[in-house]
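Fold and geometry: a report
What follows is each chain in one-letter form.
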Amino acid sequence: EAGVTQFPSHSVIEKGQTVTLRCDPISGHDNLYWYRRVMGKEIKFLLHFVKESKQDESGMPNNRFLAERTGGTYSTLKVQPAELEDSGVYFCASSHWTDSYEQYFGPGTRLTVT
Amino acid sequence: AQSVAQPEDQVNVAEGNPLTVKCTYSVSGNPYLFWYVQYPNRGLQFLLKYITGDNLVKGSYGFEAEFNKSQTSFHLKKPSALVSDSALYFCAFESSNTGKLIFGQGTTLQVKP
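Now for a description of the structure that goes with this document. Everything quoted here is computed from the prediction, not taken from an experiment.

Reading the values: rules and limits
Residues numbered from 1 in each chain as written. Chains lettered and ligands numbered in written order. Predicted model: local features only at pLDDT ≥ 70, side-chain atom pairs only at ≥ 80, totals over all residues. Heavy atoms only, no water. Salt bridge = Lys/Arg side-chain N within 4 Å of Asp/Glu carboxyl O. Helix = DSSP H or I, 4+ residues; strand = E, 2+ residues; numbered from the N terminus. Buried < 20%, exposed > 50% of the residue type's maximum accessible area, 1.4 Å probe, protein only. Pairing = 2+ DSSP bridges. Axes fitted to C-alpha atoms, helices over the stretch in contact; angles between N-to-C directions. Polar contact = N/O pair within 3.5 Å; in protein donor to acceptor, adjacent residues only side chain to side chain. Contact = heavy atoms within 4.5 Å.

**Looking at the pattern of salt bridges**
Residue and element names in this part refer to chain A. In the structure shown here, the tally under the stated rule is 9 salt bridges over all chains. A salt bridge links arginine 64 to glutamate 85, with the shortest nitrogen-to-oxygen separation between them at 4.0 Å. A residue pair is termed long-range when its members are at least 10 positions apart, and arginine 64 in the loop between β6 (53–56) and β7 (65–68) and glutamate 85 in the loop between β8 (75–79) and β9 (88–95) qualify at 21 residues. For glutamate 85, a relative accessible area of 52% translates into the label exposed.

Rendered as structure tokens:
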């Protein structure tokens, strides 16, 4: 069974540009989460999808961040326009609806905004 | 605010010695607590969880953790460390049955031969 995959693994962009991160969850997992770790700090929750619906987006920093999960499969997280403080590692995780306690994480996308 | 804390940025242990990575929590009600590990260039991997029941929880790779309500702690332990255990360890709790994980800052474990 394939795990959670994320693309790209690294992205370096300039301030003001747009970047789109993609997450493919484990097949059949209804729950999809986005998290972010800014350098050396704790991993912070961004949002939670159940299928294609946003269940909780309380962690989204501001309206420069837009997450979608069309069709309830893969998800994208767009940052537009990117700011320096958006740099960090963005993790995606998924879980089955019967066991939401065990989340499976992807390898993360390291975003650097210069 | 509810939180978990990992008081040590780094823990150094000699191979073969027991290891402990500390975690304390400040969570109301009955906390659901977790440990995750991140190896270099990999995603976070689930190690173990405490939901209810026995206070001693056994997980992957020989790790275990003890839920201590009186000390509000959930320390991660292993009787005999391996060099391959060197990684970044995160303690977390689930917020209010939502699936949302709240993480500590992480502790880097270095196991030296």
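What follows continues from the structure just given.
**A word on the sheet that holds β7(A)**
Residues and elements named next belong to chain A. What the 4 strands build is an open sheet, ordered β1-β3-β8-β7; its pairing is antiparallel. Unpaired on one side and paired on the other, β1 (5–7) and β7 mark the two borders of the sheet. Averaged over all pairs of adjacent strands, the angle between their axes in this sheet comes to 15 degrees, without regard to strand direction. One ladder, built from 5 bridges, connects strand β3 (residues 19–24) with β8; its direction is antiparallel. Looking at the pairing, valine 19 lines up with valine 79 of β8.

**Quick word on the pairing of strand β4 (residues 31–37) of chain A**
Residues and elements named next belong to chain A. Here β4 lies mainly inside the structure; 7 of its 7 residues are buried. Residue alternation in β4 divides its side chains into two sets, Asn31, Tyr33, Tyr35 and Arg37 and Leu32, Trp34 and Arg36, and both sets are buried. Where β4 and strand β5 (residues 43–50) come together, 7 bridges link them in antiparallel fashion. The residue bridging tryptophan 34 from the neighbouring strand is leucine 47, located in β5.

**Here's the deal with the side chain of B:Ser86**
All names here are of chain B. Residue position: serine 86 is located in the loop between β9 (73–78) and β10 (87–94). Looking at serine 86, its side chain comes within polar contact range of the main-chain oxygen of valine 83, at 2.9 Å. Reaching out from serine 86, the side chain makes a polar contact with the backbone nitrogen of valine 111 at a distance of 2.9 Å. Once residues within four sequence positions are removed from consideration, serine 86 is found in contact with Tyr39, Leu109, Gln110 and Val111.

**Quick word on the environment of B:Leu101**
The topology assignment puts B:Leu101 in strand β11 (residues 101–103). Sequence separation of B:Leu101 and B:Tyr32 is 69 residues, and the distance between their C-alpha atoms is 9.5 Å. Apart from residues lying up to four places away in sequence, B:Leu101 is in contact with A:Tyr35, A:Phe45, A:Gln103, A:Phe105, B:Phe34, B:Tyr36, B:Phe93 and B:Glu94.

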